[in-house]
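# Coordinate inspection notes
In case you want the letters, here they are:
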Amino acid sequence: MNYKKTIVMGLMACFILSLSAFMPKPEPEPKAKNLKVLPKNISKEELDKVMDNFKLALGVRCSHCHAPMKDNPRKLDFASDDKPEKETAREMMRMTAKINKKYFHEAMKEGNTIAKIACITCHNGKTEPAK
């Protein structure tokens, strides 16, 4: 009698395992393309946070730096380098990183984020920094 329960439980386990083969696999998180300054392994959430900071600091929308797709102009081609503003943003990121490394490296080691230079430091919500 006990062996029947074992056989039935074994068959049920096999049936459940075989069903799992047909379950949809979780989609891997899409990786950002054409990153030249930001880390290649940046998460989507972290990338969105960086882009939101750009929008706030410069008072712009995504289309300020990102060109529309060739086949669907209503959507943006985030990997495209067609707009010169995107390369300007990269140069500015390199510049602020260099300033922070040179002048605020000790404060950054201590975890002081207030001393860092960022886009908003000069731009204050405008596309062109004050002269």
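In this report, we go over the structure that sits alongside the text. It should be emphasised that the depicted structure is a prediction, and the values quoted were computed from it without experimental measurement. (Residues numbered from 1 in each chain as written. Predicted model: local features only at pLDDT ≥ 70, side-chain atom pairs only at ≥ 80, totals over all residues. Heavy atoms only, no water.)

Right, let's get into the overall build of the protein chain. Across its full length, the protein chain carries five helices and two strands. Listing the helices and strands of the protein chain from first to last along the sequence gives α-α-β-β-α-α-α. Across the 131 residues in the protein chain, those meeting the buried criterion constitute 15%. The protein chain carries 25 positive and 16 negative side-chain charges, and their two centres are separated by 4 Å. (Helix = DSSP H or I, 4+ residues; strand = E, 2+ residues; numbered from the N terminus. Buried < 20%, exposed > 50% of the residue type's maximum accessible area, 1.4 Å probe, protein only. Lys, Arg positive; Asp, Glu negative; His and termini not counted. Charge placed at Lys NZ, Arg CZ, Asp CG, Glu CD.)

Moving on, we come to a nonpolar patch on the surface. A surface patch of nonpolar side chains, about 350 Å² in accessible area, is lined by Tyr3, Ile7 and Leu11. In this structure, Tyr3 sits in helix H1 (residues 2-20). (Patch = residues over 30% accessible without salt bridge, like charges linked within 9 Å, V, L, I, M, F, W, Y side chains within 5 Å. Areas by Shrake-Rupley, 256 points an atom, 1.4 Å probe, with all protein chains shown as cover. Salt bridge = Lys/Arg side-chain N within 4 Å of Asp/Glu carboxyl O.)

This part takes up the nonpolar core. Leu35, Leu38, Ile42, Leu47, Val50, Phe54 and Met93 together form the largest nonpolar core, which totals seven residues. Considering every element that reaches this core, the biggest residue donor is helix H2 (residues 44-58), with three residues. (Core = buried A, V, L, I, M, F, W, Y, C linked by side-chain atoms within 4.5 Å.)

Position of His66 among the secondary structure elements: in the loop between H2 and strand E1 (67-68). The residues contacting His66, other than those within four sequence positions of it, are Met51, Leu76, Asp77, Phe78, Lys83 and Lys86. (Contact = heavy atoms within 4.5 Å.)

Right, let's talk about H1 for a bit. The first and last C-alpha atoms of H1 sit 27 Å apart over 19 residues, in line with the 27 Å expected at 1.5 Å per residue. With zero of 19 residues buried, H1 is to be regarded as a mostly surface element. (Expected span 1.5 Å × (residues − 1).)

Of note, the phi angle at Asn34 is positive, near 65 degrees, even though the residue is not glycine. With respect to the element layout, Asn34 can be found in the loop between H1 and H2. One non-glycine residue, Asn124, lies in positive phi territory at about 50 degrees. Among the structural elements, Asn124 can be located in the segment after helix H5 (119-123).

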